Amino acid sequence: MFDRIFADPLDPARPLQKQIQERIVEAILAGLIVPHEPLPATRVLSRLLDVSRNTVTLVYERMAQDGYLVPVDRRGYFVDEAFLRQQTIPKGRAAPPVEAIATARHADLTGKMRQRPSSQPSITKPKDWHRHPYPFVYGQVAADPTSVSRWRDCIRQASRNEHLKSWMSDLVDADDPELVEQIQRRILPRRGFRARPEEILVTNGAQSALYLLARLFCGFGVTVGVEDPGYADARNIFALAGAEIRPIPVDGNGLKVDERLAGCSLVHVTPSHQAPTNVTMTMQRRLALLEAAERHDILIIEDDYEHEVNHVGPRQHALKGYDRCERVIHVGSLSKPVFPGLRLGFLVAPPEVVVELRALRRLVYRHPSALDQRAMAIFLADGHYDAHIRRQQETFAVRWAAMLREIERRLPDCRAVMTTGGSAIWLKLPPGVRPEHVQAEALRRGVVVEVGDVHFAAPTPERNYLRLGFGAIATEAIAPGLARLADAIAAAAETQTSMAPSARTAAAQDAAALLSHERQPARPLP
């Protein structure tokens, strides 16, 4: 029996104890191990698996602690019959006849839906981008071994008895007070302002903050001004909440402050590093925006998702730092610069706003993981966050310079938007070159890039932009990756030139399908 259970070899890259326990648990739940027969002796199973006897002993002991096995003196370990009885599935009603199933009237679930978020244009990139050698993907970072080690230490510290009460209980609608204090002391002063605890709310990432704000302030009859090009997910969130979207152009100085702001109830901006162009809003524009907000009675949502990443000169203070009328709600991320998958963020707003957002958050997901909050509080308090940001700034500055240098060298017909920070380059392709064709050609060469079309809200004749992230790609891979991208651009241009209009449309659809891993599997690289 155990020959069958362990027919597939163990993976040497994963912990052996974990794999052995997983196999035995799966066999118990499948009914493959009968309770009246003992499991193989530790020496027998260790010989079968070619592992140490101590490894098998530890697995058996842990499974006994978890209630799967029962040790019997001089006989070995048996499956716990009480556990098996708990797993017994109660018998239900007899299945209806096949004819009844065939004639049953199924619910029209699609017709009952009041919203279709999946129909909104959104950012797409391969889910398996890790396997490609040149991932110019935005929003991802390469692992920093030092920070990973420090984070593990913080998780272990948070699990100790002195911190147990902070995360064992349901916080209901509260936040970890230690994390709130660290945001007050470590994060906000560097952004140029301070806040009281009652003005701070912890969220599941900055995007969760945007969703809560949209639910609170948006609805039919509300107009939201958004940057164009701008953050597509924010635009979709506001639209889904029933708001009318008003695109406002962006130039090299950030959001244009003009008459288009009149009539807006809210405006969403990314002043530190504009998404997706990464330009920094100038001081003149910031002050003009605040003045316009007061004149037109506008609430500003400042999405400061990447404040710390600056390569030239000192960081500018957040827009919130110049707010004198409480018109700016500041949104930030704690996890994006370190571990994007952790999903921890925060917002700062007047107390009366935070009270309502806290009540709304309770209805949606109550609160972010209390364990993650306490671990992040320790990570901040011990200086690991600041140390990580320093290392990241040094690495990103080198990659940023390499990106601009190699783009000028290898892509002379393309134009990179000049920035002072951020983790991506906004690249304009040569006239007439379709970005989706470039994206497909690049992917075939192992290069992952992001098409810029989705970031535009207003129709434009030329949407030939790419966003090239450099947070996840190794510095030494930038030059060869951009060389392959140059080949992809040349191939896309040559293909388009030789295509009839109908064929170009079909090629564009093929390119979109190539990137949609939900619809079809990834094609192997040639």
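Everything that follows concerns the structure shown earlier in this document.
Computed from a prediction, not measured in an experiment: that's the story for all the values here.

Points about the overall build of the chain
Along the chain, the regular secondary structure elements total 19 helices and 16 strands. Across its three principal directions, the C-alpha atoms of the chain cover 85 × 60 × 60 Å. Within the chain, the proportion of its 526 residues that are buried is 49%. Carbon and sulfur atoms form 52% of the exposed surface of the chain, whose accessible area is close to 26,300 Å². Distance between charge centres in the chain, computed from 67 positive and 62 negative side chains, equals 2 Å.

Quick notes on the pairing of strand β6 (residues 244-251)
Pairing of strand β5 (residues 223-228) with β6, which is carried by 6 bridges, proceeds in the parallel orientation. Across the sheet, the residue bridging to Asp-228 is Pro-249, located in β6. With 2 bridges connecting them, β6 and strand β7 (residues 254-255) associate as antiparallel partners. Its bridge partner lying in β7, Val-250 is registered against Leu-255. Connecting β6 to the antiparallel partner β7 that follows it, the hairpin turn spans 2 residues.

Brief notes about the sheet that holds strand β16 (residues 465-469)
If you trace the 4 strands from one edge of the open sheet to the other, you get β12-β13-β16-β15, paired in antiparallel fashion. In the strand order of this sheet, the two ends are held by β12 (415-416) and β15 (450-451), each with one partner. Strand direction decides the pairing type here: β12 and strand β13 (residues 424-428), joined by 2 bridges, are antiparallel. Among the inter-strand pairings, Arg-415 is bridged to a residue of β13, identified as Lys-428.

Rules used in this analysis
Residues numbered from 1 in each chain as written. Predicted model: local features only at pLDDT ≥ 70, side-chain atom pairs only at ≥ 80, totals over all residues. Heavy atoms only, no water. Helix = DSSP H or I, 4+ residues; strand = E, 2+ residues; numbered from the N terminus. Buried < 20%, exposed > 50% of the residue type's maximum accessible area, 1.4 Å probe, protein only. Areas by Shrake-Rupley, 256 points an atom, 1.4 Å probe, with all protein chains shown as cover. Lys, Arg positive; Asp, Glu negative; His and termini not counted. Charge placed at Lys NZ, Arg CZ, Asp CG, Glu CD. Pairing = 2+ DSSP bridges.

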